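Inside the fold
Chain by chain, the residues:
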Amino acid sequence: MLDALEVVTTVLVGLMVGVEFSVAFVMNPIFGKLPEDSDQLARAHGGRMLGALMPFWYIGSLALSAVWAVAGWHRHGTGLVVTAGALLILSVIMSVLLLVPINNRGKTWTPENRPEDWKEQMNRWNRFHYARVAVIVAAFTLLVAALV
């Protein structure tokens, strides 16, 4: 049963990393090249869609990692799982304090009501997001290493 938990947790975190990596290095660069107001509209829609899904994914990944650490306390690699969990906690804190406030503003914007500095706010969100991607990639790497 613990083996299944380890695999499910690692796959779930890996998929989350893939989505967030794609947002950072595929979707947002594509959005930035769209004509006229399409960039802002695409980001607003993405913010609404992923903003509804990602809290469950982040918290679920953290919870599964915690269960893995407790259930596998006696196993080799538990320190890696605990460290990965700490990084996932950091990613949640980063999300709540840095990214969510910008996302909550951005997902309501339209070309008619967006602030003049909307691009600067999106660039700030991008910088915070790159850092969060690095944190969750590190957590995923530790979880994979704990499987060995």
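Within each chain, residues carry numbers counting from 1 in the order of the written sequence. Totals for whole chains, interfaces and linings use all residues, but because this is a predicted model, local features are given only for residues with pLDDT of at least 70 and pairs of side-chain atoms are given and counted only at 80 or more. Excluding hydrogens and water, the side-chain figures rest on all heavy atoms present in the structure.

Among the nonpolar cores identified, the biggest contains 23 residues, and Met16, Trp68 and Leu88 are the most heavily contacted of them. Of all the secondary-structure elements, those providing two or more residues to this core are α1 (2-32), α2 (38-71), α3 (78-106) and α4 (118-147). Within the second largest apolar cluster, 7 residues are counted, among which are Val23, Ile102, Trp109 and Met122. Side-chain atoms within 4.5 Å are what join buried Ala, Val, Leu, Ile, Met, Phe, Trp, Tyr and Cys residues into a set we call a nonpolar core. When accessible area is computed with a 1.4 Å probe and restricted to protein chains, residues below 20% of their type maximum are described as buried, those above 50% as exposed, and intermediate ones as partly exposed. Here a strand is any run of E in DSSP of at least two residues, a helix any run of H or I of at least four, and the numbering for each starts at the N terminus.

Before going further, it helps to examine the layout of surface pockets. Taken as a whole, the largest pocket spans an internal volume of roughly 620 Å³. Cavities and pockets are defined on a 1 Å grid built over the protein atoms alone: a cavity is a set of grid points where a 1.4 Å probe fits but cannot escape, while a pocket is an open set with protein on both sides within 12 Å along at least five of seven lines, and lining residues are those with an atom within 4 Å of any such point. Lining the largest pocket are 31 residues, with Gly47, Leu50, Gly51, Asn103 and Trp125 positioned closest to its centre. Elements that contribute at least two residues to the lining of the largest pocket include exactly α1, α2, α3 and α4. Element by element, the count of residues in the lining of the largest pocket is highest for α2, at 12 residues. Grid points are joined across faces, edges and corners, and a volume is the space filled by probe spheres set on the points.

For this analysis, a salt bridge means a side-chain nitrogen from Lys or Arg found within 4 Å of a carboxyl oxygen belonging to Asp or Glu. A complete count under the given rule lists 5 salt bridges for this structure. A salt bridge links Asp3 to Arg75; the shortest N-O distance between them is 2.9 Å. Of the two residues, Asp3 is situated in helix α1 and Arg75 in the loop between α2 and α3; the sequence distance between them amounts to 72 residues. For Asp3, a relative accessible area of 46% puts it in the partly exposed group. Its relative accessible area of 33% is what places Arg75 among the partly exposed residues.

Where α3 meets α4, the closest approach of the two axes is 9 Å, and the angle between their N-to-C directions is 160 degrees. Here α3 lies roughly antiparallel to α4, going by the angle between them. The element α3 and its partner α4 pack so that their crossing is left-handed. Taken together, the residues that form the contact of α3 with α4 break down as 22 nonpolar, 7 polar and 3 charged. With axes taken as lines fitted to C-alpha atoms, and helix axes fitted only over the stretch in contact, angles between N-to-C directions fall between 0 and 180 degrees. Note on terminology: angles under 35 degrees are roughly parallel, angles over 145 are roughly antiparallel, angles of 65 to 115 are roughly perpendicular, and the others are oblique. Left-handed describes a crossing whose near helix is turned anticlockwise from the far helix by less than a right angle; the clockwise case is right-handed. Each residue gets one label: Ala, Val, Leu, Ile, Met, Phe, Trp, Tyr, Cys and Pro are nonpolar, Asp, Glu, Lys and Arg are charged, and the others, such as Gly, are polar.

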